[in-house]
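Residue-level structural notes
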Amino acid sequence: MTPAHDHLSGPGGGTPLGELLRGHRLAAGLTQADLAERAGLGVRTVRDLERGRASRPQRSTVELLADALGLAGEARVAFLSTARRRTIERAVAGDGEARPVATSAPDPGTPFALPPPVELVGRERDRADVVGLLTADGGPPVVSLVGLAGVGKTALALAVAHEVVDAHPGGVAGVLVDESSDAADILATVSAVLGAARLPDLAGRLRGRPALLLLDAVERAPGPVAEALRQLTDVVPTLRLLVTGRHPVGVPGELVRPVAPLDVPPPGVDDAFGLARYPAAALFTSRLARVRRDPPDQRELPALATLVRRLGGLPLAIELMAARGRILDLDELLDRYGDRVLDLAAADPGRRGWEPAGTAVRAPAPVTLREAVATSYRQLAGSERAALRRLAVFANRWSVELAEELLADGSDRVADPVPLLDRLVQLGLVSVRGTGTFRFRLLDAVRDFALERAAGRGELTAIRRRHAVVVTRLVARTAPDLAGPELARAVRRLDEVTSDIGTALAHAATDDPHTALRLAAALPRWWRLRGRDVTGRRWLRRLLADPRTADADRVVRAWALLGVARLAAEHGAGAQELAAARSALDVFVRHGEVTGELEARNVLCALLIATGGHDEARDQARTVLALATLHDRPRDMAVAQNNLTWHEIRLGDLAGARRRLATVDRLAAQCGERRLRLLARANLAEVARHQGRYAEAVEWGRRVVGALAELGDPGHRRRVLGTVGLALAQDGRVDEAAEVLAELRTGAGQAGPVSGSGRPGSGPPTVWRPEEGICALIEGTMALRRGDRELAAEWFGVAAEAGATGQDRRDVIEALVGLVASTGDPVARERLDRACRQSGTRLLPYELGLLRDQGPPRDADQDD
């Protein structure tokens, strides 16, 4: 046992015993040789004791010294008690550094000195919480700070102890537990550091005044500590105990406060301002400044963000990684250590933690992160270790329900996982963040360690297979809500398991392709809402082409085919997947799957509108309307009415389109479908633009853009932004239109000019994204408003070519109108005339106005 409170040692680096011995020797006017001669000891023995080279002298040696010094009464008791415990310790700073401290017996009635507090980063809430517990009337007698090695328990405890000194007039002291301590040792040391000769005298010494004892590293002797704390709380009711350890002590009245790692920046946050808000990044930057002069530059910030995420916010790991910044820049650190953080080790293992020096028995301290995790892992029972190995397969946060399902391992029932999770949280192996359903997470270091153990035991493949099944079930339960009033909640739920969806899909695609196909077939709506249409389509095509899925359930394959078509429409490739949508529809009809049939016809309708099959698209929409009405499905009725709106616009019946959109809004409100209402209002903005009501179009469009940003759905958001940009350009608000154009291009990751002053490239790209056509249309309209007909013609030509590769054919008509209005080219006029005849599109009044001077081509109605 060693006191941890005190003032800093003198230049000689002495121990509490050494300082006390030297003080008594000098007070007696003796040299080391004189004292050695009086005691009958060697001079070297006295010298080593004073210098801290020997901290556990034999009892007979101590008594000989006490006799030689003439010590009696309380002075003799204090001297002998000090000799019974280790006499030099290093007070951990929580940042991986160790500082030597010495101890002296305080005067009765005064607060006792502690090692100086250390800088805490990101612990404001934890600090305030523990301070409140220790200063509140009727607070718990024992507060235990528990957590993984290196998480900063001692640093937090020291900071709190210093802050509450004034609230404990009986004194504040600290004691470090070592593995050889028994309950008698602990009680004797506690009594001594609090100024009493023995435990029965301690209550009288405090005289009813509150006092605080910080007891560190209690996991080293859990049984003796528990026994000692029970006696202390019984005998000295005004003594509060602040305890740190890897696990709770387990005594009556104990309040456990797990110490979690520091918050890390989420993916996507890698700028200086954003990183500064996260304690893990701030600690890394602070410690990096100790080993190199220059702060991280802009180029290194993404690596810094990735590193602290990979280190899981564990202060010890951050310290060890930052120390290597003396030699390597952050990109090099990430390349070298990013995938093997468990191997990070202290450069000087002997300076890690609270470790005695100069003794025969040294408390074991973890040297690498792997050993730090292993010390907590070894405290688990066999079944708990097996559960941790399974839970390690989760890539990010998870819920109690997911854990229960994973641990069930195929059985219908499993023991309640709550006690297990509570145990893992108390040991610091699992952290809890926030209050949402998905709030449990393993540190990356813990996950890596547990996966190593699972791989070593040959369990990993089976665990990953089970994980894929669990994730697939979660997605299957959630997917129906992606179309309905619970859309936002369903999207958030899948967002929270994005990493697990990815890992499950990647593993199952190789190990269990049937599960992978079921998972992928349930994801197209989410992929579309999150702008992952290209990636999702590739996954579905790969799995459908895998010969191992040829015998998969026909309906599952149909949903996968429909997903391919739905996603293809998002990036202008709908024409390539018409056959897939038709095949899916056939399967759904044969199997009597009404939901699938409605979905397939809606997707077909969208693809046909984009590829010029207007009459069939109208027929599909009417069939959906009839089928949805028959089965009383207001949402599908609203979708059908929304699709029929485009046929009203094609025929130039804008008043009829407005009436139909009012019906869409009513039906969407009836079924609580917010997204459908937004899309109806987006279409209303487009109708207003076609009617020349530009201000109204801009107002409606901007409202919808803001709401869609909250829901996701980047494809529809881009389309509505296009409506706003076109309305602004047509209204002569060219500067505002240029800002919208910049937003469209920035959001789509396009190269090229972001204002209306540039020219298109030498030719259109081979593959068009939907936003490219609308951007070119806005550019052409802006140029035409400025009177630059040559530039306008170039952009309208690009827009027309973009539409020919799969855009809405109404956009092609509008682009061709602009091209003719800009050039008067008879070839362009003939092309416009032909497009109107083939699509049955009637030109709108403002389009006829643009063409009046050029002699407009005949539209479908003019042929009659």
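Use the structure listed above.
Below you will find a few notes about this structure. Because the structure is predicted, anything quoted here is derived from the model rather than measured.

With that settled, the discussion passes to the overall build of the protein. Scanning the protein for helices and strands turns up 41 helices and 10 strands. In the protein, which comprises 864 residues, the proportion classed as buried is 55%.

This part covers the pattern of salt bridges. Any two side chains of opposite charge can pair if their charged atoms end up close together. In the structure shown here, the tally under the stated rule is 58 salt bridges. Linking Asp-444 and Arg-447 is a salt bridge whose minimum nitrogen-to-oxygen distance equals 2.6 Å. Within this pair, Asp-444 and its partner Arg-447 are both found in helix H20 (residues 444-456), separated by 3 residues, close to a single helical turn. Residue Asp-444 shares its accessibility class with Arg-447, and that shared class is buried.

Most of strand S5 (residues 172-176) is tucked away, with 5 of its 5 residues classed as buried. Burial along S5 is two-sided: Val-172, Gly-174 and Leu-176 facing one way and Ala-173 and Val-175 facing the other are all buried. With 5 bridges joining them, S5 and strand S6 (residues 211-216) adopt parallel strand pairing. If you follow Gly-174 over to S6, its bridge partner there is Leu-214.

On the secondary structure map, Glu-686 appears in helix H33 (residues 674-690). When its relative accessible area of 4% is taken as the criterion, Glu-686 is described as buried. Glu-686 sits 37 residues away from Ile-649 along the chain, and the two C-alpha atoms are 9.5 Å apart. What Glu-686 contacts, discounting residues up to four positions off in sequence, is Trp-646, Arg-719 and Thr-723.

Taking 1.5 Å per residue as the helical rise, helix H34 (residues 694-711) with its 18 residues ought to reach 26 Å, and the 26 Å between its terminal C-alpha atoms agrees with that figure. Of the positions making up H34, those classed as buried are Tyr-694, Ala-697, Val-698, Gly-701, Val-704, Val-705, Ala-707, Leu-708 and Leu-711. Looking at the buried side of H34, the elements it contacts are helix H22 (487-496), H33 and helix H35 (714-730).

With that settled, the discussion passes to the side chain of Gln-641. By the element assignment, Gln-641 lies in helix H31 (residues 634-650). Taking the relative accessible area as the measure of exposure, Gln-641 reaches 13% and is therefore buried. Excluding anything up to four places from it in sequence, Gln-641 contacts Leu-625, Arg-660, Thr-663, Val-664 and Leu-667.

Relative to each other, helix H1 (residues 16-27) and helix H5 (residues 73-83) sit at 145 degrees, their axes nearing to 9 Å. Of the two possible hands of crossing, H1 and H5 adopt the one that is left-handed. Packed against H1, whose contacting residues are Pro-16, Leu-17, Leu-20, Leu-21 and His-24, the element H5 presents Ala-78, Phe-79, Thr-82 and Ala-83 at the interface. Residue classes in the contact of H1 with H5 are distributed as 7 nonpolar, 2 polar and no charged.

Excluding glycine, residues mostly carry a negative phi; peptide bonds, for their part, are mostly trans. The residue Ala-217 is not glycine, and still its phi comes out positive at about 60 degrees. You can see Ala-217 is positioned in the loop between S6 and helix H10 (222-235). The phi dihedral of Asp-632 falls on the positive side, at around 55 degrees, and the residue is not glycine. By the secondary structure assignment, Asp-632 is in the loop between helix H30 (614-630) and H31. You can call Asp-632 exposed: its relative accessible area is 60%.

Before going further, it helps to spend a moment on the packing of aromatic side chains. Applying the stated rule across the entire model yields 4 aromatic pairs. Judged by centre distance (5.5 Å) and plane angle (25 degrees), the rings of Phe-394 and Trp-398 are stacked. For the residue pair Phe-394 and Trp-398, the accessibility class agrees, reading buried in each case. Taking 4.8 Å as the distance between ring centres and 55 degrees as the angle between the ring planes, the aromatic pair formed by Trp-559 and Phe-588 counts as tilted. Residue Trp-559 is found in helix H27 (residues 554-570), and its partner Phe-588 is found in helix H28 (residues 578-590); the two are separated by 29 residues along the sequence.

The rules behind the values
Residues numbered from 1 in each chain as written. Predicted model: local features only at pLDDT ≥ 70, side-chain atom pairs only at ≥ 80, totals over all residues. Heavy atoms only, no water. Helix = DSSP H or I, 4+ residues; strand = E, 2+ residues; numbered from the N terminus. Buried < 20%, exposed > 50% of the residue type's maximum accessible area, 1.4 Å probe, protein only. Salt bridge = Lys/Arg side-chain N within 4 Å of Asp/Glu carboxyl O. Pairing = 2+ DSSP bridges. Contact = heavy atoms within 4.5 Å. Expected span 1.5 Å × (residues − 1). Axes fitted to C-alpha atoms, helices over the stretch in contact; angles between N-to-C directions. Left-handed = near helix turned anticlockwise from the far one by under 90°. Nonpolar A, V, L, I, M, F, W, Y, C, P; charged D, E, K, R; others polar. Phe/Tyr/Trp six-rings, centres within 6.5 Å; stacked < 30°, edge-to-face > 60°.

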